[in-house]
Each structure stands twice: as C-alpha cells, then as structure tokens.
Amino acid sequence: MHDSEIFKFKDMMMMSCTVQTLVLVPWFLVVFVLAGGEDSSETTAMFPAMFVFGDSLVDNGNNNHLNSLARSNYLPYGIDFAGNQPTGRFSNGKTIVDFIGELLGLPEIPAFMDTVDGGVDILQGVNYASAAGGILEETGRHLGERFSMGRQVENFEKTLMEISRSMRKESVKEYMAKSLVVVSLGNNDYINNYLKPRLFLSSSIYDPTSFADLLLSNFTTHLLELYGKGFRKFVIAGVGPLGCIPDQLAAQAALPGECVEAVNEMAELFNNRLVSLVDRLNSDNKTASEAIFVYGNTYGAAVDILTNPFNYGFEVTDRGCCGVGRNRGEITCLPLAVPCAFRDRHVFWDAFHPTQAFNLIIALRAFNGSKSDCYPINLSQLSRL
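Treat the numbers as computed from the prediction; the structure is a model and nothing was measured.

Draft legend 1. Layout of helix α12 (residues 298-307). Burial analysis of α12 places seven of its ten residues in the buried class, which makes it a mostly covered element. Residues of α12 that are buried: T298, Y299, A301, A302, D304, I305 and L306. Residues of α12 that are buried in the fold lie against β4 (233-237), α10 (261-283), β5 (292-296), β6 (316-320), β7 (346-348) and α13 (356-368).

Draft legend 2. Expanded view of the environment of T220. The topology assignment puts T220 in helix α8 (residues 208-228). Exposure remark for T220: the relative accessible area of 13% places this residue in the buried category. Sequence separation of T220 and I135 is 85 residues, and the distance between their C-alpha atoms is 9.8 Å. For T220, the contacting residues outside a window of four places in its chain are L277 and R280.

Draft legend 3. Spatial organisation of the nonpolar core. Of all hydrophobic cores here, the largest spans 96 residues; its most connected members are F51 and Y190. The element best represented in this core is α13, accounting for nine residues. Of all hydrophobic cores here, the second largest spans six residues; its members include Y77, C321, C340 and W349.

Draft legend 4. Spatial organisation of the sheet that holds strand β2 (residues 125-127). Taking strand neighbours across the sheet as the criterion, the six strands line up as β2-β1-β3-β4-β5-β8 in an open arrangement whose pairing is mixed. Because the sheet does not close on itself, it has two edges, and the strands there are β2 and β8 (374-375). Examined bridge by bridge, β5 and β8 share two bridges and lie antiparallel to one another. Bridging across to β8, G296 finds its partner in C374.

Draft legend 5. Spotlight on a nonpolar patch on the surface. On the surface, V324, I331 and L334 cluster together into a nonpolar patch covering about 230 Å² of accessible area. Mapped onto the fold, I331 is located in the loop between β6 and β7.

Draft legend 6. Just the packing of helix α4 (residues 149-166) against α8, in detail. At a closest axis distance of 10 Å, the pairing of α4 and α8 adopts a crossing angle of 10°. Comparing the axis directions of α4 and α8 gives the class roughly parallel. Each of M149, G150, V153 and F156 in α4 lies in contact with α8, whose residues at this interface are F219, H222, L223, E225 and L226. Residue classes in the contact of α4 with α8 are distributed as six nonpolar, two polar and one charged.

Draft legend 7. Structural context of the state of the cysteines. Inspection of the entire model under this criterion finds three disulfides. The disulfide partner of C244 is C259, and the gap between their sulfur atoms is 2.1 Å. Its S-S torsion of approximately 110° makes the covalent link between C244 and C259 right-handed. Residue C244 is located in the loop between β4 and α9 (246-251), and its partner C259 is located in the loop between α9 and α10; the two are separated by 15 residues in the primary sequence. Overall, C259 belongs to the partly exposed group, its relative accessible area being 26%. Between the sulfur of C322 and that of C333 lies a disulfide, 2.0 Å long from S to S. Disulfide C322 to C333: torsion about the S-S bond roughly 70°, handedness right-handed. One end of the pair, C322, is in the loop between β6 and β7; the other, C333, is in the loop between β6 and β7, with eleven residues separating them in the sequence. On the basis of relative accessible area, C322 is assigned to the buried category, the value being 1%. Here C333 falls in the buried class, since its relative accessible area comes to 1%.

Draft legend 8. Seen up close, the side chain of T95. Its place among the elements puts T95 in the loop between β1 (50-54) and α3 (96-103). Relative accessible area serves as the criterion here: at 2%, T95 is assigned to the buried category. Discounting residues that sit within four places of it in the chain, T95 has contacts with L57, V58, D59, R89 and N359.

How each quantity is defined
Sequence order sets the numbering: in each chain, residues are counted from 1 along the sequence as written. A pLDDT threshold of at least 70 governs which residues receive local features in this predicted model, and a stricter bar of 80 or more applies before side-chain atom pairs are shown or counted, although totals over entire chains, interfaces and linings include all residues. To get the side-chain values, take all heavy atoms of the structure and skip hydrogens and water. Burial here depends on accessible area, computed with a 1.4 Å probe over protein chains only, as a share of the maximum for the residue type. Under 20% is buried, over 50% is exposed, and the range in between is partly exposed. Each helix is a run of DSSP H or I of at least 4 residues and each strand a run of E of at least 2, with the numbering of both proceeding from the N terminus. Residue contacts follow a heavy-atom distance rule, with two residues in contact if any of their heavy atoms lie within 4.5 Å. Put simply, buried Ala, Val, Leu, Ile, Met, Phe, Trp, Tyr and Cys residues joined by side-chain atoms within 4.5 Å make one nonpolar core. When DSSP locates at least two bridges between a pair of strands, those strands are taken to pair. Residues enter patches when their relative accessible area tops 30% and they take part in no salt bridge; the joining distance is 9 Å for like charges and 5 Å for the nonpolar side chains Val, Leu, Ile, Met, Phe, Trp and Tyr. Reported accessibility uses the Shrake-Rupley method at a 1.4 Å probe radius. Residues are deemed covered only where the shown protein chains occlude them. Salt bridges, as used here, are contacts in which a Lys or Arg side-chain nitrogen is within 4 Å of a carboxyl oxygen on Asp or Glu. For helices, the fitted axis covers only the stretch in contact; all axes are lines through C-alpha atoms, and the angles between them, taken along N-to-C directions, range from 0 to 180 degrees. Working rule for angles: under 35 degrees goes down as roughly parallel, over 145 as roughly antiparallel, 65 to 115 as roughly perpendicular, anything else as oblique. The nonpolar class holds Ala, Val, Leu, Ile, Met, Phe, Trp, Tyr, Cys and Pro. Asp, Glu, Lys and Arg form the charged class, and all remaining residues, Gly among them, are polar. Criterion for a disulfide: a pair of cysteine sulfur atoms at a distance within 2.5 Å.

Here it is as structure tokens:
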C-alpha cells in the first residue's frame with residue numbers, strides 16, 4: 001500500500017470516529033489497510049518521534065536479544081508481517097504501536113536492542129518494550145531475562161545520551177517536549193505475577209485493591225522519571241480485559257461465552273487508578289502547565305469488540321488462532337505450528353496476544369476516537385498541541 005492509500009483511509013476514519021465507536025466502519029476497509037506495507041518516509045510526521053515503553057503487546061524485537069523464554073522470533077509469528085518473517089512481535093503481523101506510527105506518519109522505529117551497536121537511526125523514536133516485563137521488577141522472572149519498566153527507563157537514558165550528541169541542548173529540549181511517549185505496562189504484573197500464586201507471593205501479601213495501589217505507586221515513579229527527562233506528551237494504555245484472554249479462559253475453566261470476571265475486576269481496579277493519575281497530573285500546577293497525559297482505554301475498546309465482534313468482522317473471540325489445549329490457551333504458539341487460515345476473523349492470535357486485525361482497530365480508536373477511547377483527548381488532537 002502506498003502513502004496516499006493509507007492517508008485516504010485515515011481521513012475516512014477521522015470522519016467515522018466522530019461517533020463513539022468504529023462500528024460504522026466496514027470491516028473490509030480494515031482488511032484493506034492490513035494488505036500492504038506502508039511507507040511513511042515521504043509524509044509529514046505529526047510528532048518528531050515516538051518512544052515506546054511496554055510489554056509483549058508492543059515489543060518489536062527486544063527479547064530476541066535476551067536469554068528469555070518469552071520470545072517470538074520464529075514462525076508462525078510474523079506470518080502476515082512484511083516479508084512473512086518473524087520479527088519478535090507477538091502477533092501474526094503488526095502491533096498497535098506499529099499502526100499508530102503509520103497513522104502519525106512515522107517510519108517503523110527500531111527496537112532498543114537493535115540500536116546498542118550504533119548505525120541505526122534513533123531520531124524518530126525507539127521501542128524499549130520487553131515481553132514478560134512489568135511495572136514491578138520481579139514480574140515475569142520465571143521466564144528469564146526481560147526489561148522491567150525501570151530498566152526500560154534506564155535504557156532510554158542511553159538513547160538520550162546519543163541524541164544529545166547530535167543536537168544542541170535547546171534543540172533536544174524542544175524535540176523531547178514535542179515527541180510522543182506511549183506506555184503500555186501492567187498486564188504481566190497480573191498474568192505473570194499476581195495470578196501465579198505458585199510462583200509469586202504477591203497474591204498472599206496483597207488483596208487486589210492493595211496490589212493495584214502498589215502498581216500505581218511504582219508506575220507513577222517511573223512515569224515521572226520520564227517527565228523529568230523532558231518528555232511532555234504521554235499516552236498511557238490501560239490493562240486489557242485479562243479475564244477474556246484464552247490463557248485465563250483455559251486456566252480458570254471459564255464457561256463458554258463467559259470471561260473470568262474476578263480477573264477483569266482486578267484490571268479495572270488498576271485502570272481506574274490510571275484515570276485518576278491522568279486527572280491528577282493534568283491538573284497539577286507543575287505538570288499541567290507543561291505536559292499533557294492521555295489515558296488509552298484499551299479495556300473498554302476490547303470489551304466493545306468482544307461484545308460486538310461481528311460489527312468488526314470477527315467471528316472467533318474465545319480462542320487463539322495458534323496454540324495448544326483448551327481455547328488454544330494452555331500452550332502458546334509453538335515453532336512452525338500451523339495457525340488458523342482466516343486470521344483476520346480471530347480476535348486472539350495466541351493465548352495472550354491479539355491479531356493484527358484487532359490491533360489496527362485499537363490504534364484507530366486511539367488516533368481519532370472519542371473521550372471513551374482516549375481521555376481527555378485523542379492522538380490526533382494531542383499532535384496539534
């Protein structure tokens with residue numbers, strides 16, 4: 001697909017997204033965008049750069065370089081990505097931030113671990129996300145090496161030193177203030193920590209409310225570290241409805257057509273605190289005068305899709321396209337496994353991660369959705385500030 005095609009589609013979406021959801025958008029248009037590899041090199045980017053901090057939902061290859069069980073550098077991962085090759089993304093194709101970057105007119109940004117030896121353009125952004133990584137340092141430790149939120153912030157400091165060598169101090173300050181920061185963390189703190197009582201003590205020490213408070217406290221500390229380094233435009237993604245993913249449906253033996261409500265309630269406890277954090281930071285005398293913080297309601301968007309799948313072209317919502325066991329959620333996608341044939345009809349790619357068809361819808365809602373999708377403003381509006 002050429003630039004003109006994706007931006008014609010983006011203009012159509014800007015008109016469609018004046019309604020609360022994307023239900024009015026024909027699903028075949030989504031497939032139209034999925035069909036090609038977009039090149040944003042000739043477009044004017046809406047932000048000078050995008051920096052991503054997150055987990056496997058947005059990891060684009062960092063864990064390829066780590067001694068970790070949480071890796072996806074093998075087929076059929078990447079089967080629908082450009083070149084039909086695995087990249088380290090935990091999907092059949094593109095992630096949410098891949099699509100967000102395209103909508104913003106940015107090129108594909110490199111994984112941090114691909115930049116450490118130099119020779120890679122970092123001035124339009126870097127992705128620090130790490131599969132199995134969480135807000136808490138211990139989260140995901142049973143899966144091997146991973147970058148926690150704190151480690152990801154430390155990794156950014158190395159990038160910042162490189163950027164500072166190529167710009168004047170005044171230019172770096174302006175560049176940082178105008179760049180976009182996307183943070184998507186917290187999912188693993190539940191599925192690879194709190195919900196694994198045989199491996200972690202957190203559920204015996206904290207009730208769900210106290211655990212959400214613990215997460216928010218640590219999250220706020222690291223977020224303000226990024227603010228202290230000069231970033232001023234933030235998008236913070238909420239935790240998804242984890243009680244609806246195939247992994248939890250299998251683990252909790254959920255009845256057909258039902259999610260695990262107790263797990264979803266835990267996610268909502270944390271998300272409600274994120275919304276309050278956004279309100280607090282946007283009203284604080286210090287941060288509000290310089291910065292804007294946006295909450296991305298991935299939970300609400302995902303529930304809408306799972307509740308109304310046919311409106312989005314989905315037919316299968318309770319099992320992975322690739323995997324083993326009940327709901328294809330007991331063992332995730334194995335090397336060279338044969339995935340389902342009609343991947344764009346599935347919400348979930350494997351036991352934990354969505355398909356690129358789902359990721360595109362979430363990206364579009366973040367880009368130009370209503371306040372129920374992105375609060376208090378969406379990415380298109382944020383780019384104009």
